[in-house]
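These are the residues of each chain, in order.
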Amino acid sequence: MQQLADQFKELDFKSETYKDAYSRINAIVIEGEQEAHENYITLAQLLPESHDELIRLSKMESRHKKGFEACGRNLQVTPDLQFAKEFFSGLHQNFQAAAAAGKVVTCLLIQSLIIECFAIAAYNIYIPVADDFARKITEGVVKDEYSHLNFGEVWLKEHFTEAKAELELANRQNLPIVWRMLNQVADDAQTMAMEKDALVEDFMIQYGEALSNIGFTTRDIMRLSAYGLIAA
Ligand code: PL3
Ligand code: FE2
Ligand code: FE2
């Protein structure tokens, strides 16, 4: 804790070290918001009964993207968008394949559970160590992300019986990708005073709670979480 406090005091948002890390993390967040925007448009096509609501969510995602672009400009950082595209390619490909096959349950697991929980964990850990400008933006964004997570939870809870087997498979295919992504950002996150352990913990809490709200038992959740660690 003291170590964290010391590190926080020393954070220099204008240093080359901070800005270098920010060029990748900021790009990841911009790309993540862009992916989310596109994914909700695709989901709107797959779920005509929720079309208007999903289009509303997709518009919120483009606003988030604009907000984070402003955060980068504010620190005079150029986001490394090429890096970010590669960072998201695993989840991107799996979402595209699921959408093409009409697998709406898998699409919802990837976007509304995994990506939203990843975003919520990252933003929660970032807020206390962000610069003032980015903190205000991120505080507004994270509130929206909880409502996006809620959309997925409610839909999947209503269709739990039919969705259960597909959710288990999609979890097994996509959770290992999240761990790889986390490992890839760990060093840059550390430079920005965000601890990898804290990110993992917050992600698992959000994701576990979501699975519980949908209808999985504690025993199921343990098993689903462990799958993520092994099968790649
Ligand atoms: C969903 O609405 C948006 C998806 C964004 C995904 C963000 C993942 C971020 C992981 C990087 C960890 C450090 C975050 C720093 C926050 C600015
Ligand atoms: Fe978002
Ligand atoms: Fe979102």
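Structure: see above.
What counts, and at which threshold
Residues numbered from 1 in each chain as written. Chains lettered and ligands numbered in written order. Predicted model: local features only at pLDDT ≥ 70, side-chain atom pairs only at ≥ 80, totals over all residues. Heavy atoms only, no water. Donors = N, O, S within 2.8 Å, 3.2 Å for Na, K, Ca; no water. Helix = DSSP H or I, 4+ residues; strand = E, 2+ residues; numbered from the N terminus. Near = heavy atom within 4 Å. Polar contact = N/O pair within 3.5 Å; in protein donor to acceptor, adjacent residues only side chain to side chain. Areas by Shrake-Rupley, 256 points an atom, 1.4 Å probe, with all protein chains shown as cover. Expected span 1.5 Å × (residues − 1). Buried < 20%, exposed > 50% of the residue type's maximum accessible area, 1.4 Å probe, protein only. Contact = heavy atoms within 4.5 Å. Core = buried A, V, L, I, M, F, W, Y, C linked by side-chain atoms within 4.5 Å. Axes fitted to C-alpha atoms, helices over the stretch in contact; angles between N-to-C directions. Parallel < 35°, antiparallel > 145°, perpendicular 65-115°, else oblique. Nonpolar A, V, L, I, M, F, W, Y, C, P; charged D, E, K, R; others polar. Tetrahedral: all angles 85-135°; square planar, octahedral: opposite > 155°, others 65-115°. Phe/Tyr/Trp six-rings, centres within 6.5 Å; stacked < 30°, edge-to-face > 60°. Left-handed = near helix turned anticlockwise from the far one by under 90°. Salt bridge = Lys/Arg side-chain N within 4 Å of Asp/Glu carboxyl O.

Caption draft 1: Just the coordination of the iron ion (ligand 2), in detail. Here the iron ion (ligand 2) is held by the protein donor atoms E33 (OE), E61 (OE), H64 (ND1) and E145 (OE), which lie 2.0 to 2.2 Å from it. We note that the donor set of the iron ion (ligand 2) lies within a single chain, spaced as E-x27-E-x2-H-x80-E. A separation of 3.2 Å is found between the iron ion (ligand 2) and the iron ion (ligand 3), which are bridged by E61. Here E33 is found in helix α2 (residues 16–46), whereas its partner E145 is found in helix α6 (residues 132–158), with 112 residues between them in sequence.

Caption draft 2: Representation of the site of ligand 1 in the model. Taken together, 17 residues are adjacent to ligand 1, and I25, E33, E61, E116 and E145 come closest. Separating an oxygen atom of ligand 1 from a side-chain N or O atom of E33 is a distance of 3.2 Å. E145 places a polar side-chain atom, nitrogen or oxygen, 2.8 Å from an oxygen atom of ligand 1. If ligand 1 stood free it would expose 530 Å²; the protein chains cover 99% of that surface. For the shell around ligand 1, the secondary structure elements donating two or more residues are α2 and α5 (104–126).

Caption draft 3: Seen up close, helix α3 (residues 51–74). Look at α3: 35 Å from first C-alpha to last across 24 residues, which is about the 34 Å you get at 1.5 Å a residue. Burial in α3 covers these residues: L54, L57, S58, M60, E61, S62, H64, G67, F68, A70, C71 and G72. In this structure, the buried residues of α3 make contact with α2, α5 and α6. Directly after α3, the chain includes Q76, whose backbone phi takes a positive value near 55 degrees.

Caption draft 4: Up close: the nonpolar core. Ranked by size, the top nonpolar core spans 78 residues in total, and within it Y22, L113, L156, F203 and Y207 carry the most contacts. Looking at this core element by element, the count peaks at 17 residues for α5. Excluding its chain neighbours within four sequence positions, the residues that come into contact with L156 are V105, L108, L113, A163, L167 and I214.

Caption draft 5: Summary view of the packing of helix α7 (residues 160–191) against helix α8 (residues 196–214). Between α7 and α8, the shortest axis-to-axis distance is 11 Å and the interhelical angle comes to 170 degrees. As judged from the angle between their axes, α7 and α8 are roughly antiparallel. Mapping the contact onto sequence places F160, L167, N171, L175, V178, W179, L182, N183, A186 and A189 in α7 and K196, L199, V200, F203, M204, Y207 and I214 in α8. For the contact of α7 with α8, the residue count by class is 14 nonpolar, two polar and one charged.

Caption draft 6: How the structure looks around the coordination of the iron ion (ligand 3). Coordination of the iron ion (ligand 3) by the protein is provided by E61 (OE), E116 (OE), E116 (OE), E145 (OE) and H148 (ND1), with metal-donor distances spanning 2.0 to 2.3 Å. In this structure, the iron ion (ligand 3) is surrounded by six donor atoms whose angles at the metal cover 56 to 157 degrees, and the resulting shape is irregular. Site description for the iron ion (ligand 3): donor spacing in sequence, E-x54-E-x28-E-x2-H. When its relative accessible area of 2% is taken as the criterion, E116 is described as buried.

Caption draft 7: Molecular detail of the packing of aromatic side chains. Tallied over the full model, the rule gives nine aromatic pairs. An angle of 90 degrees between the planes, with centres 4.9 Å apart, marks the rings of F160 and F216 as edge-to-face. Here the residue F160 occupies a position in helix α7, and F216 occupies one in the loop between α8 and α9 (218–230), the gap between them amounting to 56 residues. Assigned by exposure class, F160 and F216 land together as buried. Centroid distance W179 to F203: 5.7 Å. Interplanar angle 80 degrees. Geometry classified as edge-to-face. You can see W179 sitting in helix α7 and its partner F203 sitting in helix α8, a full 24 residues away along the chain. Among the aromatic residues, those joined into a cluster by ring pairs are F118, W179, F203 and Y207.

Caption draft 8: Representation of the packing of α5 against α8 within the structure. In contact at an axis separation of 8 Å, α5 and α8 are set at 140 degrees when each is read in the N-to-C sense. Considered as vectors, α5 and α8 are oriented oblique to each other. Crossing angle aside, the handedness with which α5 passes α8 is right-handed. Between α5 and α8, the residues in contact are L109, L113, I114, C117, F118, I120, A121, A122, N124 and I125 and A198, L199, D202, F203, Q206, Y207, A210, L211 and I214, respectively.

Caption draft 9: The arrangement of the pattern of salt bridges in detail. Under the counting rule described, the total for this entry stands at eight salt bridges. A salt bridge links E31 to K85; the nearest nitrogen and oxygen atoms lie 3.5 Å apart. Of this pair, E31 sits in helix α2 while K85 sits in helix α4 (residues 81–100), placing them 54 residues apart in sequence. Residue classification places K85 among the partly exposed residues on the basis of a relative accessible area of 48%. Put simply, D220 and R223 hold a salt bridge, and the shortest N to O gap is 3.0 Å.

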